[in-house]
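Spelled out from the first residue to the last, the chains are:
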Amino acid sequence: MAEAHSAVAFSFSITHEGWDVNFDREVLHLVWASGIRSWKKRLARFKNNVRNGVFPAPLQSLWAVMGIVLALRYANNSFVKYTDIILQYLPGTSYVWQIVSCFILSLTFWLILIYIIRYTFKLMLMYKGWMYESRGGHKVSLKTKLWGLGIKLLSSKSKPLLYSYQGSLPKLPLPPVNETMKRYLKSVRPLMNDSEYESMIKLANEFEKGIAVKLQRYLWLKSWWSSNYVSDWWEEYVYLRSRTPLIVNSNFYGIDAIMLHSTSIQAARAAMIIWQCLQYRRLIERQELEPIRIQGLVPLCSWQYERIFNTTRVPGAVSDKIVHYNDSRHIVVYHAGRYFKVIIYSQNRILHPCEIEEQIQSILDNTEKPYAGEEKVAALTAADRTHWANTRTQYFFKGINRQSLDAIEKAAFVVTLDEVPYEYDPENSKKLDEFGRILMTGKGYDRWFDKSFTLCIGSNGRVGFNAEHSWADAAVMSHLWEFIIFDEAEKSGYQENGHTKGAPELEPPKPIRLQWNLDPVLEAIEKSYQVSLALVNDIDLRILAFNDYGKGFMKTAKVSPDAFIQMALQLAYYRDAGKFSLTYEASMTRLYREGRTETVRPCTLESSTWVKSMLDPNVDVNKRINLLREACATHQRGYQDAMCGKGIDRHLFCLYVVSKYLEVESPFLNKVLSEPWRLSTSQTPHGQTTQFDLRKYPNCISAGGGFGPVANDGYGVSYIIAGENLVFFHISSKKSSPHTDSNRFAIRITEALNDMKSLHDDWNRSTKNASS
């Protein structure tokens, strides 16, 4: 075995004749090459950290300041006194030491200038007035125009690296309690009758005037001390301390560009996507990935990108932890119930796609049977976290089980070669439903749910992924996925016969079969499998490809496309359930350092009034249109507030955490935090890479991705506005709930969108008739 061979790469013994030294030159060469690569990466990181530390000023500006100081030193006698002060503390006064004094003075001036620029830039990024103004025309204020010009001037002198903006991003602001209370009470008004609402007002007032004062004080200290007062607690208490299974409840999935089918050869497509993932990882490691900037000006936090690769979630008895490794030279591939370690570096370079294809094909051709328990061992990662933690401690602590587990957890990512095709047929929607279901759950044991992501390859060459949620939000994975889709289309790396282009320049390392001794673990594996199987069988998933219209029409309605779709979901849900429900929409807070998400509450007084007007035949078209626009404007304002740190739910969540630390009970917080999100929604972002160009690559449209329902009697709805005339909806629910049905809700969404189109058409006709 390779592991045993490495273990004896160097050995020595003492004999009667003296020291006897044995070593393996090949293995020692690999160790030497690995060390060289590690030091190169450290040097590159140091260089990038220096560049990031002085951004937005270019590093070369130091030499410009040096030149100015030297010129002044020898051209202006009055300037000599400044360098003479420094010379007093140097060993000599010769010409060389005069140069040194000039360099020290230059460095001092330069650092002062750098920090003035950086803090000016940071103060400018704290301004959020641009968020609430129109993107063009006379509605943009002079203040915002001057601000935009200042941002351009400060950040145009140096090309930013991925993490260049991190030190300049402002902290997430802590909103006052009274403002959060006002927003909260307004958000729940359409969900409560008069007596319930009066009771809630009383609870809120008691909280605001009582324990909230103390809780807010502690939270203020945390917001002042930490980089972000929400993110670490959100990661810890919402994700890592959750004991529920990851499958369905936490992990999410993403689907291929369904209108493209580059190759039907599984090994070729797997090799190409693996290679592209590794290229993306290298861009992150070198910080060459361009940071995302809204409108090309305002940067988003890039903190989450660090953990895309070489990352795993390790189970704990009380709380899990996220473990990230600085480097990994291998991936792990699962096929037909067996695990293989695949080395993806050779001769100090990443293997070419044609070389990786050879490795993947050798795994597909391998006819060995799985070891006992090996096929379903990943079910442990899908089910109850405490059970997995205890099993891991007892049976995976040492020996070959530990070695194999280490290989998986330290891998760059995991690849599953499925033995079934992933299919898409515009005439048969059930095939796309099955495509999504396979990616969401698989069989309940054929994805390593703890890994940052598992790359899934269908037998017909279509691909997707299943991603763990605690390490980052879906927008980060969608950025990677968008890069892969457009990079693959741009480079066209396949031959006419479907195989990858090129010929291997070397013999790639053979995949190493992972060894297991799982006989004592079979009962624990089966127990986890039964839990995951129940969740797999209970999930109801429907993927709706709505192509009657898209954002092109929504823009003509003069409302935000996201707000338009959210109003459609409110109308659809009311028709489906006969009532309004607490609705969750995820928005980002990455305008701030280490920001993750905030909740937008689309169910508002304005949206509920509009929905009721759509069901009342006595309300005329003009009033319905005005109510719709008012509801969309309110939603858009709520989304903007959430992005700018003026949300409701993260603030209340953190106040709740403080109350638990202080061991004080709050009836108000207990009630708020126990309210179920029966309609949980999220928009999948796109257009995050500079490659994104649907005019050039019109078929590079991903169907997006989805997630499971948050409440057992609710819906999980993810949507992606894929083009001018196409929107995908991923609708999930539980089959065990008598109140939900994903197919029925898909019909309700279609009806709502069509009714909104008819409403707008009727309004246009009435407007034309009135004007004529």
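To keep things clear, this report deals only with the structure shown in the data block. Once a new chain begins, its residue numbering starts again from 1 and follows that chain's sequence as written. Owing to the predicted nature of the model, reporting of local features is limited to residues with pLDDT of at least 70; listing and counting of side-chain atom pairs is limited to 80 or more, with chain, interface and lining totals taken over all residues. Each side-chain value is worked out from all heavy atoms of the structure, with water and hydrogens disregarded.

**With respect to the overall build of the chain**
Part 1 of the reasoning: Strands are runs of DSSP state E lasting at least 2 residues, helices are runs of H or I lasting at least 4, and numbering of each runs from the N terminus. When helices and strands are counted, the chain shows 25 helices and 22 strands.
Part 2 of the reasoning: Computed over its C-alpha atoms, the radius of gyration of the chain comes to 29 Å, within 12% of the 28 Å expected for a compact globule of 772 residues.
Part 3 of the reasoning: Its C-alpha atoms put the chain at 105 × 85 × 60 Å along the principal axes.
Part 4 of the reasoning: Looking at the chain as a whole, 54% of its 772 residues are labelled buried.
Part 5 of the reasoning: On the chain, roughly 34,800 Å² of surface is accessible, and the fraction owed to carbon and sulfur atoms is 55%.
Part 6 of the reasoning: Between the averaged position of the 92 positive side-chain charges in the chain and that of its 79 negative side-chain charges there is a distance of 7 Å. For this measure, only C-alpha atoms enter the radius of gyration; the expected value for a globule follows 2.2 Å times N^0.38, where N is the number of residues. Relative accessible area decides the class of each residue, using a 1.4 Å probe on protein chains only: under 20% of the type maximum gives buried, over 50% gives exposed, and in between gives partly exposed. In short, Shrake-Rupley with a 1.4 Å probe defines the accessible areas, and a residue's cover is counted only from the protein chains shown. Under the convention used here, Asp and Glu are negative, Lys and Arg are positive, and both His and the chain ends fall outside the count. Note that the charge is assigned to NZ on lysines, CZ on arginines, CG on aspartates and CD on glutamates.

**So, the packing of aromatic side chains**
Part 1 of the reasoning: Any two rings among Phe, Tyr and Trp, with Trp reduced to its six-membered ring, count as a pair given centres within 6.5 Å; such a pair is stacked if its planes are under 30 degrees apart, edge-to-face if over 60, and tilted if neither. What the rule picks out here adds up to 35 aromatic pairs.
Part 2 of the reasoning: On the numbers, 6.2 Å between centres and 90° between planes, the contact of F252 with F465 is edge-to-face. Here F252 is found in strand β3 (residues 252–255), whereas its partner F465 is found in strand β14 (residues 463–467), with 213 residues between them in sequence. When sorted by exposure, F252 lands in the same class as F465, which is buried.

**Structural notes on the sheet that holds β3**
Part 1 of the reasoning: On the basis of which strands lie adjacent, the open sheet formed by eight strands has the order β15-β9-β8-β12-β13-β14-β3-β20 and mixed pairing. For this open sheet the edge positions go to β15 (512–513) and β20 (705–706), each flanked by a neighbour on one side alone.
Part 2 of the reasoning: The pairing of strand β12 (residues 414–417) with strand β13 (residues 453–457) spans four bridges and is parallel. Its bridge partner being in β13, V415 is matched across the sheet by L455.
Part 3 of the reasoning: A contact between two residues is defined here by any heavy atoms of the two lying within 4.5 Å. For every element, the axis is a line fit to its C-alpha atoms; helices are fit only across the contacting stretch, and the angle between N-to-C directions ranges from 0 to 180 degrees. The sheet contacts of helix α16 (residues 429–441) involve β3, β13 and β14, and relative to β3 the element is tilted by about 135°.
Part 4 of the reasoning: Taken strand by strand, helix α17 (residues 474–491) contacts β3, β13 and β14, and its axis lies near 155° from that of β14. Whether two strands pair depends on DSSP finding at least two bridges between them.

**Structural notes on helix α6 (residues 142–155)**
Part 1 of the reasoning: Spanning 14 residues, α6 covers 20 Å between terminal C-alpha atoms, matching the ideal 20 Å at 1.5 Å per step.
Part 2 of the reasoning: What α6 keeps buried is the set T144, W147, G148, G150, I151, L154 and S155. Looking straight down α6, one finds that the buried residues subtend no more than 160° of arc, so they occupy a single side. Turned more than 90 degrees off the buried face of α6, the exposed positions are L142, L146, K152 and L153. Every helix has an expected span of 1.5 Å times one less than the residues it contains. Directions drawn from the helix axis to the C-beta atoms are what define this arc.

**What to know about empty space enclosed by the protein**
Part 1 of the reasoning: In this analysis, the protein atoms alone were mapped onto a 1 Å grid. Cavities are point sets where a 1.4 Å probe fits without being able to get out; pockets are open sets with protein on both sides within 12 Å along at least five of seven lines; lining residues have an atom within 4 Å of a point. Grid points are joined across faces, edges and corners, and a volume is the space filled by probe spheres set on the points. Enumeration according to the criterion identifies two cavities of 30 Å³ or more in this entry.
Part 2 of the reasoning: By volume, the largest cavity is sized at about 60 Å³.
Part 3 of the reasoning: In this structure, the largest cavity is lined by 13 residues; those nearest its centre are L172, Y229, E598, G645 and R650.
Part 4 of the reasoning: Taken together, the residues that form the lining of the largest cavity break down as six nonpolar, four polar and three charged.
Part 5 of the reasoning: One number sums up the size of the second largest cavity: a volume of about 50 Å³.
Part 6 of the reasoning: In terms of lining residues, the second largest cavity is bounded by A557, V559, F564, I625, L628, R629, M756 and H760. Polarity classes work like this: nonpolar for Ala, Val, Leu, Ile, Met, Phe, Trp, Tyr, Cys and Pro, charged for Asp, Glu, Lys and Arg, and polar for all others, with Gly in that last group.

**Quick notes on the pairing of strand β17 (residues 583–588)**
Part 1 of the reasoning: Sheet analysis places β17 next to strand β19 (residues 679–683), joined by three bridges and oriented parallel. Directly across from E585, in β19, lies its bridge partner T681.
Part 2 of the reasoning: Of the strand pairs in this sheet, β17 and strand β18 (residues 597–600) are connected by four bridges, and their pairing is antiparallel. The partner of E585 across the bridge, within β18, is V600.

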